[in-house]
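# Structural description and commentary
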Amino acid sequence: MSGRDVVLARIRRALADVPRGEGPSDPPVARDYLRVHGSRTAGQTVELLAGNLAEYRAIVHRSGPDGLPALIGRLLAERGARSVVVPPGLEPGWLAAAEVTRVPDLPSATARELDAVDSVVTGCALAIAETGTIVLDAGPDQGRRRITLVPDHHICVVRVPGQVVGSVPEALPRLAPDRPLTWISGPSATSDIELDRVEGVHGPRTLEVVLLAAD
């Protein structure tokens, strides 16, 4: 018996109790799992997000609308950033206090050109409190996926509480499945066989998240 015959025989056994003509979407699927763990107020959900972001080694800041430009300008200055990739739909005032060269998100930009840029500043689609995850969907204030993967420093602004959800099941209905979603839990990191952690291998070495309070 060939390997192909073995595989097909196993498939037949697995499907033996399936009625003929039944399609994948025909059987009802139970959706009785917990959508969120515990009960929290909007403020408590934001605090959980902040704690989990920090647990993943993201640097968390808080700001109101009036103080945001000064905060972003200070973070870029402390980083020594001289150039910043700017998504086309980023709020113009966010970089008003930053003395940097603004690099547009161009389709023609190469990985080498983006690697020469010091930082990127974006918004986000939403953030998930229970997992400390930021989700980008290439919206106007986020730009193409690659501009948040190549530069070594990423400042991401999350509007709270409006863009914060408690759990992944609460996040999915708010995300479009046909968009290029990037899920970020802390700065890029990996470990080798000796469990030595290395950051910045396949994304930003430093992730700074600004929790922007509503007016």
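Just above sits the structure.
The following paragraphs examine the structure supplied in this document.

The rules we used
Residues numbered from 1 in each chain as written. Predicted model: local features only at pLDDT ≥ 70, side-chain atom pairs only at ≥ 80, totals over all residues. Heavy atoms only, no water. Helix = DSSP H or I, 4+ residues; strand = E, 2+ residues; numbered from the N terminus. Buried < 20%, exposed > 50% of the residue type's maximum accessible area, 1.4 Å probe, protein only. Pairing = 2+ DSSP bridges. Polar contact = N/O pair within 3.5 Å; in protein donor to acceptor, adjacent residues only side chain to side chain. Contact = heavy atoms within 4.5 Å. Salt bridge = Lys/Arg side-chain N within 4 Å of Asp/Glu carboxyl O. Expected span 1.5 Å × (residues − 1).

## Quick look at unusual backbone geometry
Residues other than glycine predominantly adopt negative phi, and peptide bonds predominantly adopt the trans conformation. Across the junction of Val 160 and Pro 161, the peptide omega takes the value 5 degrees, indicating a cis bond. One non-glycine residue, Arg 57, adopts positive backbone phi at about 75 degrees. Inspection of the secondary structure puts Arg 57 in the loop between helix H2 (42-55) and strand S1 (59-63). Owing to a relative accessible area of 51%, Arg 57 belongs among the exposed residues under this scheme. For Ala 138, which is not glycine, the phi dihedral falls at a positive 65 degrees. Counting through the fold element by element, Ala 138 comes out in the loop between strand S6 (133-136) and strand S7 (153-160).

## Details of the pairing of S6
Both faces of S6 are covered, namely the face carrying Thr 133 and Val 135 and the face carrying Ile 134 and Leu 136. Pairing of strand S5 (residues 126-128) with S6 involves three bridges; the strand directions are antiparallel. The partner of Ile 128 across the bridge, within S6, is Thr 133. Between S5 and S6, which pair antiparallel in sequence order, lie four residues; one of them, Gly 132, sits at a positive phi of approximately 60 degrees. In the sheet, S6 pairs with strand S9 (residues 182-184) via three bridges, with the strands oriented antiparallel. Its bridge partner being in S9, Val 135 is matched across the sheet by Trp 183.

## So, the side chain of Asp 141
As for its placement among the helices and strands, Asp 141 is situated in the loop between S6 and S7. Taking the relative accessible area as the measure of exposure, Asp 141 reaches 14% and is therefore buried. Engagement of the side chain of Asp 141 in a polar contact is seen with the side chain of Gln 142, the distance being 3.0 Å. The contact partners of Asp 141, leaving out residues within four places of it in the chain, are Pro 87, Gly 89, Leu 90, Thr 122, Gly 123, Cys 124 and Arg 159.

## So, the pattern of salt bridges
Considering all chains together, one arrives at nine salt bridges under this definition. Note that Glu 47 and Arg 62 form a salt bridge whose closest N and O atoms lie 3.1 Å from each other. Here Glu 47 is found in helix H2, whereas its partner Arg 62 is found in strand S1, with 15 residues between them in sequence. Relative accessible area serves as the criterion here: at 48%, Arg 62 is assigned to the partly exposed category. Put simply, Arg 144 and Asp 105 hold a salt bridge, and the shortest N to O gap is 3.3 Å. Note that Arg 144 is positioned in the loop between S6 and S7 and Asp 105 in the loop between strand S3 (101-104) and helix H4 (111-115), a separation of 39 residues in sequence.

## Observations concerning the sheet that holds S9
The strands making up a sheet associate through hydrogen bonds between their backbones, and the pairing can be parallel or antiparallel. In space, the four strands of this open sheet follow the order S8-S5-S6-S9, with mixed pairing throughout. In this open sheet, the two edge strands, each paired with only one partner strand, are strand S8 (164-165) and S9. Pairing between S5 and S8: two bridges, direction parallel. Residue pairing in the sheet places Ala 127 in a bridge with Val 164 of S8.

## Some remarks on helix H3 (residues 68-79)
Counted at 1.5 Å a residue, the expected span for H3 with its 12 residues is 16 Å, and the 17 Å between its end C-alpha atoms agrees. Inspection of H3 places Leu 68, Pro 69, Leu 71, Ile 72, Gly 73, Leu 75 and Leu 76 among the buried residues, and these make up the whole buried set. Contacts made by the buried residues of H3 are with S1, strand S2 (83-86), strand S4 (119-122), S7 and strand S12 (206-213). One or two residues past the end of H3 sits Gly 80, with phi positive at roughly 80 degrees.

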